[in-house]
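Structure assessment
The primary structure of each chain is shown beneath.
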Amino acid sequence: MTMTHLTTPPHSIAVEESVLDSPLVETLRRTLPNARWTVVPDISSLAPPSLSSHDPPLTIVRFKGRFLRSCPATKFYHCCGYTILHFGERCTIGCRYCILQAYWNQPHLKLFGNTHEMFTEAASWFARYRETLFRVGTGEFTDSLLLDPWTGFSEQLVPFFASHPNAVLELKTKTNHIKRLQDLDHRGHTIVSWSLNAPTIVAQEERGAASLTQRIEAARRCLEWGYFLAFHFDPLFLFPGWEREYRETIERLFRSIPPEKIVYISLGAFRFMPALKETILRKNPSWKLASGEFVTSPDGKKRYFIDIRVTLYRKVLEHLYSFASDLFVYCCMENTSVWEQVFGFDPSSRGGLPAMLDDAVKRRMGIGVDCHSSAISLLPGKCQQPWGGVSLPAPIANLP
Ligand code: SF4
């Protein structure tokens with residue numbers, strides 16, 4: 001797979017007949033007048049070689065499943081209770097450690113053209129459960145803003161969330177594709193978030209992404225436009241000089257960003273399914289970052305030993321708190337023992353991590369202050385809380 005430069009637009013687009021009249025297709029025809037277009041009855045009729053070539057087409061398809069779903073977590077770890085708005089799949093930024101490589105072996109980006117159904121489904125959930133706060137993100141199976149300069153999808157998403165009092169949107173990215181966000185009527189319902197890492201990791205492992213300087217500058221501009229911000233130090237790696245380098249990233253962040261505009265910061269130590277390591281090593285035989293000692297966790301993933309994870313988290317947390325002790329920082333997919341050693345408490349004793357994040361959104365953003373339940377108990381998905389979760393309500397009748 002060739003490295004895609006962030007500013008390189010797709011050269012060719014394959015679209016399914018059934019979504020030819022999608023507003024997304026209309027926008028792409030306008031913003032990419034020189035792209036080669038192919039129209040097919042079904043994307044599966046495109047021969048695999050054309051999808052796995054060095055310049056695979058962007059594909060626009062009809063998505064037939066549920067657009068809104070719970071984060072695919074497991075019951076062994078404290079999950080954030082994030083709701084995914086599934087608008088597309090795959091990513092061409094090409095981070096060497098990217099977990100998406102374990103899900104899909106073809107590099108072509110896929111976007112869903114039936115956006116009208118997506119918005120209808122989301123609006124139906126938000127209206128039906130007005131007392132539930134929905135924290136929704138689009139960055140689980142792709143980068144939220146990777147194609148935004150050409151799709152302009154943020155121009156639909158951001159105002160849509162602004163019109164729903166019990167919903168906030170998180171756009172999670174490693175790009176600096178923020179231009180279209182500038183004049184949008186977000187009404188404080190959108191968080192723009194960046195994954196950050198140590199300078200060595202950014203330079204060596206995230207070569208297709210925006211630089212650290214570009215990401216922080218993009219965050220600063222979003223702040224000027226009134227957006228709330230979040231940051232994800234995930235995956236944290238153990239490598240020579242890690243503590244000094246993570247401190248440097250944190251210092252650079254707070255040189256530009258005032259802590260009070262940050263809704264939350266997540267920490268997640270590097271973890272991987274064994275198959276991912278094989279995939280990475282096939283492409284990069286000398287890759288060292290997964291060659292240390294790892295333990296197999298109950299969810300089948302390999303993780304650093306618990307003492308190492310606790311040391312990583314404590315040090316990064318110490319540096320973050322040295323800039324602002326009231327930051328809301330949490331661990332992504334960690335167990336109770338780690339929480340107790342890093343933060344000194346079990347999230348279950350405070351209502352669970354989803355409730356704690358809901359509270360951070362209410363306090364920092366002033367959104368959903370009258371809501372008293374979390375979306376985690378409503379949506380289809382695998383996320384089950386360690387403390388038992390809540391039973392699913394009756395399905396929504398008017399969903400497509
Ligand atoms: S930006 Fe995220 S989704 Fe894209 S390649 Fe990197 S880790 Fe994967």
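What counts, and at which threshold
- Residues numbered from 1 in each chain as written.
- Predicted model: local features only at pLDDT ≥ 70, side-chain atom pairs only at ≥ 80, totals over all residues.
- Helix = DSSP H or I, 4+ residues; strand = E, 2+ residues; numbered from the N terminus.
- Rg over C-alpha atoms; globule rule 2.2 N^0.38 Å.
- Buried ≥ 20, exposed ≤ 12 C-beta atoms within 10 Å, placed from the backbone.
- Right-handed = clockwise from strand over helix to strand, strands pointing away.
- Pairing = 2+ DSSP bridges.
- Axes fitted to C-alpha atoms, helices over the stretch in contact; angles between N-to-C directions.
- Parallel < 35°, antiparallel > 145°, perpendicular 65-115°, else oblique.
- Left-handed = near helix turned anticlockwise from the far one by under 90°.
- Contact = placed C-beta atoms within 7 Å.
- pLDDT = per-residue confidence, 0-100.
- Nonpolar A, V, L, I, M, F, W, Y, C, P; charged D, E, K, R; others polar.
- Core = buried A, V, L, I, M, F, W, Y, C linked by C-beta atoms within 7 Å.
- Arc of directions from axis to C-beta.

Below, the discussion takes up the overall build of the protein. When you go through the protein residue by residue, the secondary structure sums to 13 helices and 17 strands. For the protein, the C-alpha radius of gyration of 20 Å lies close to 21 Å, the compact-globule estimate for 400 residues. Referenced to the eigenvectors of the C-alpha coordinate spread, the extents of the protein come out at roughly 55 × 50 × 40 Å. Every one of the 400 residues in the protein was classed for burial, and the buried ones make up 43%.

The next point concerns the pairing of strand β11 (residues 228-236). Most of β11 sits out of view: 8 of its 9 residues are buried. On the question of chirality, the crossover connecting β11 to the parallel strand β12 (residues 262-269) by way of helix α9 (residues 242-256) is right-handed.

Looking now at the sheet that holds strand β1 (residues 12-16). The 5 strands are arranged β2-β1-β3-β7-β6 in an open sheet whose pairing can be described as mixed. What marks the edges here is a single partner per strand, and that holds for β2 (36-40) and β6 (88-89). With 3 bridges connecting them, β1 and strand β3 (residues 58-61) associate as parallel partners. What sits directly across from V15, in β3, is I60.

Attention now goes to the sheet that holds strand β15 (residues 302-303). Spatially, the 3 strands line up as an open sheet ordered β13-β15-β14, and their pairing is antiparallel. The two strands at the open ends of the sheet, each matched to only one other strand, are β13 (271-272) and β14 (295-296).

With that settled, the discussion passes to the packing of helix α11 (residues 306-321) against helix α12 (residues 336-343). Interhelical geometry of α11 versus α12 gives an angle of 40° and a closest axis separation of 9 Å. Overall, the two elements α11 and α12 adopt an arrangement that is oblique. The element α11 and its partner α12 pack so that their crossing is right-handed. On α12, the residues touching I306, R309, V310, Y313, R314 and L317 of α11 are S337, V338, Q341 and V342.

Before going further, it helps to spend a moment on the confidence of the model for the protein. Here the protein shows a mean pLDDT of 90. Residues at 70 or above account for 90%. In this model, residues 384-400 is a region of pLDDT below 50 whose contacts with residues beyond four sequence positions or in other chains number 22 contacts.

Glancing now at the pairing of β3. For a regular strand, side chains alternate in direction, first toward one face of the sheet and then toward the other. The alternating pattern of β3 places L58 and I60 and T59 and V61 on opposite faces, both of which are buried. Sheet topology places β3 next to strand β7 (residues 110-112); 3 bridges connect them, and they run parallel. By the bridge assignment, T59 is partnered in β7 with K110.

It is worth spelling out the packing of α9 against α11 at this point. Each pair of packed helices gets described by two things: the angle between the helix axes and the distance between those axes. Here α9 crosses α11 at 30°, and the two axes come no closer than 10 Å. Comparing their axes, α11 and α9 come out roughly parallel. Between α9 and α11 the crossing geometry is right-handed. Contact residues: E243, Y246, R247 and I250 in α9; K315, V316, H319 and L320 in α11. Tallied by class, residues from the contact of α9 with α11 come to 4 nonpolar, 1 polar and 3 charged.

Attention now goes to unusual backbone geometry. Cis geometry is found at the peptide bond from D234 to P235, where omega equals 5°. Position of P235 relative to the elements: it lies in strand β11. One non-glycine residue, R90, adopts positive backbone phi at about 80°. Structurally, R90 can be placed in the loop between β6 and α3 (100-103). In this structure, R187 is a non-glycine residue whose phi angle is positive, near 50°. Secondary-structure assignment places R187 in the loop between β9 (167-173) and β10 (190-195).

By size, the foremost hydrophobic cluster in this structure holds 104 residues, and its most contacted members are V192, L229 and F231. Setting aside its immediate chain neighbours within four residues, F231 contacts S193, W194, L196, L253, I262 and I265.

The next thing to look at is the environment of S373. Along the chain, the position of S373 falls in strand β17 (residues 373-374). Looking at S373, the number of C-beta atoms within 10 Å reads 15, which means it is partly exposed. In sequence terms S373 and L133 are 240 residues apart; their C-alpha atoms lie 6.5 Å from each other. Among residues more than four places away in sequence, those in contact with S373 are E131 and T132.

Three or more residues of helix α6 (residues 154-162) are buried, namely S154, L157, V158 and F161. Within α6, the buried residues cover an arc of 90° as seen down the axis, which keeps them to one side. Where α6 is buried, its residues meet α5 (148-151), β9 and β10.

A separate point is the environment of W125. Within the fold, W125 resides in helix α4 (residues 115-128). For W125, a count of 23 C-beta atoms within 10 Å corresponds to the buried category. Note: C-alpha distance between W125 and L378 (253 residues apart in sequence) is 9.2 Å.

This part takes up the environment of G113. With respect to the secondary-structure elements, G113 resides in the loop between β7 and α4. Apart from residues no more than four positions distant in its own chain, G113 is found in contact with V15, E16, V19, S22, L24, V25, I60, V61 and R62.

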